[in-house]
Amino acid sequence: MSLYDDAVLVLKTYESSADHDQEQLRQVYLDHLSRHPDGMWKACGAGHLTASALVVDPERGRVLLTLHRKLQMWLQMGGHCEPEDDTLAAAALREATEESGISGLTLLSGGPVALDRHAIPAPCHWHLDVQYAALAPSGATEQISDESLDLHWFAYDEVAEVADASVVRLVARARAALEDGRQP
């Protein structure tokens, strides 16, 4: 199965918990892929899918965010899909591992926890982000990558003080998935 086919399958089976906005985004993503066979790749000028993962330490009630080098914003780990990625989940896990420096991350079961579409500078116009949650192993130590200015653990209730609304929503959806008993 190609990465494109995996993305279509992931989106068709994405459970948005009756969230109207998430359901609309899911359809926007599927329509985008239907119109753009290259919609998985950075070269697609109309926009492209990206994969990210919020690194969560549920034992300590915190998340690891990166101060993105280019955007100067606290964000979850994530980025562009690469040709070697077999699945969106693999792309999200690769990005989270590379950007956090933490080995042994595991994605929550059941697929993505959220979708988020955000505008980006030209020549492309949109990132259609498929967002997962990754659990950090006990005692995990982060390591800053070239893509980050900083990494920092934030308590769940501190995220709204440093990050934008999209990250706050992602934290809430990841916490809800954990409370619903989703496991790695």
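Residues numbered from 1 in each chain as written. Predicted model: local features only at pLDDT ≥ 70, side-chain atom pairs only at ≥ 80, totals over all residues. Heavy atoms only, no water.

What's the story with the pattern of salt bridges in this structure? I'm lost.
Two side chains of opposite charge can pair, provided their charged atoms sit close to one another. One pass over the full model with this rule turns up 7 salt bridges. A salt bridge links Asp85 to Arg94; its shortest N-O distance comes to 2.8 Å. Residue Asp85 shares its accessibility class with Arg94, and that shared class is buried. In this structure, Arg169 and Asp116 form a salt bridge, with 3.5 Å as the shortest nitrogen-oxygen distance. (Salt bridge = Lys/Arg side-chain N within 4 Å of Asp/Glu carboxyl O. Buried < 20%, exposed > 50% of the residue type's maximum accessible area, 1.4 Å probe, protein only.)

Honestly, the packing of aromatic side chains in this entry has me stumped. Any pointers?
Aromatic ring pairs are described here by two measures, namely the spacing of the ring centres and the angle between the planes. Under the definition given, this model contains 1 aromatic pair. For the ring pair Trp74 and Phe154, a centre distance of 5.1 Å and an interplane angle of 80 degrees mean the geometry is edge-to-face. Of this pair, Trp74 sits in strand β3 (residues 74–75) while Phe154 sits in strand β8 (residues 148–155), and the two are 80 residues apart along the sequence. We classify Phe154 as buried; its relative accessible area is 6%. A cation sits over an aromatic face here: Arg62 above Trp153, 4.1 Å from the ring centre. For the cation-ring pair, Arg117 lies above Trp126, with the distance from its terminal atom to the ring centre recorded as 4.2 Å. (Phe/Tyr/Trp six-rings, centres within 6.5 Å; stacked < 30°, edge-to-face > 60°. Helix = DSSP H or I, 4+ residues; strand = E, 2+ residues; numbered from the N terminus. Lys NZ or Arg CZ within 6 Å of the ring centre and 35° of its normal.)

Just checking my understanding: could you explain the side chain of Arg173 for this structure?
Topologically, Arg173 is positioned in helix α5 (residues 165–179). A polar side-chain atom of Arg173 sits 3.4 Å from a polar atom in the side chain of Asp19. When sequence neighbours within four positions are dropped, the list of residues in contact with Arg173 reads Tyr14, Glu15, Ser16, Asp19, Gln22, Val113 and Ala114. (Polar contact = N/O pair within 3.5 Å; in protein donor to acceptor, adjacent residues only side chain to side chain. Contact = heavy atoms within 4.5 Å.)

Mind showing me how you'd approach the environment of Ser16 here?
In this structure, Ser16 sits in the loop between α1 (3–13) and α2 (20–35). Among the residues examined, Ser16 registers a relative accessible area of 7% and is labelled buried. Along the sequence, Ser16 and Ile102 sit 86 residues apart, while their C-alpha atoms lie 29 Å from each other. Those residues within four positions of Ser16 in sequence are excluded, and the remaining contacts are Gln22, Glu23 and Arg173.

Explanation requested: α2 in the structure shown.
Residues lying three or four places apart along an α-helix face the same way, a consequence of the helix completing one turn every 3.6 residues. Taking 1.5 Å of rise per residue, the 16 residues of α2 would be expected to cover 22 Å, and the 23 Å separating its terminal C-alpha atoms lies within 8% of that figure. Those residues of α2 that sit buried are Gln22, Leu25, Arg26, Tyr29, Leu30, His32 and Leu33. Considered in projection along α2, the buried side chains sweep an arc of 160 degrees and stay on one side of the axis. Exposed side chains of α2 directed beyond 90 degrees from the buried face belong to His20, Asp21, Ser34 and Arg35. (Expected span 1.5 Å × (residues − 1). Arc of directions from axis to C-beta.)

What's the story with the packing of α1 against α2 in this structure? I'm lost.
How two helices pack is summed up by the angle between their axes together with the distance between the axes. Contact pair α1 / α2: the axes reach a minimum separation of 10 Å and the direction vectors enclose 155 degrees. Judged by the inter-axis angle, α1 sits roughly antiparallel to α2. Note on packing geometry: the crossing formed by α1 with α2 is left-handed. Contacts between α1 and α2 involve Tyr4, Ala7, Val8, Leu11 and Lys12 from the first element and Arg26, Tyr29, Leu30, Leu33 and Ser34 from the second. Residue composition of the contact of α1 with α2, by class: 7 nonpolar, 1 polar and 2 charged. (Axes fitted to C-alpha atoms, helices over the stretch in contact; angles between N-to-C directions. Parallel < 35°, antiparallel > 145°, perpendicular 65-115°, else oblique. Left-handed = near helix turned anticlockwise from the far one by under 90°. Nonpolar A, V, L, I, M, F, W, Y, C, P; charged D, E, K, R; others polar.)

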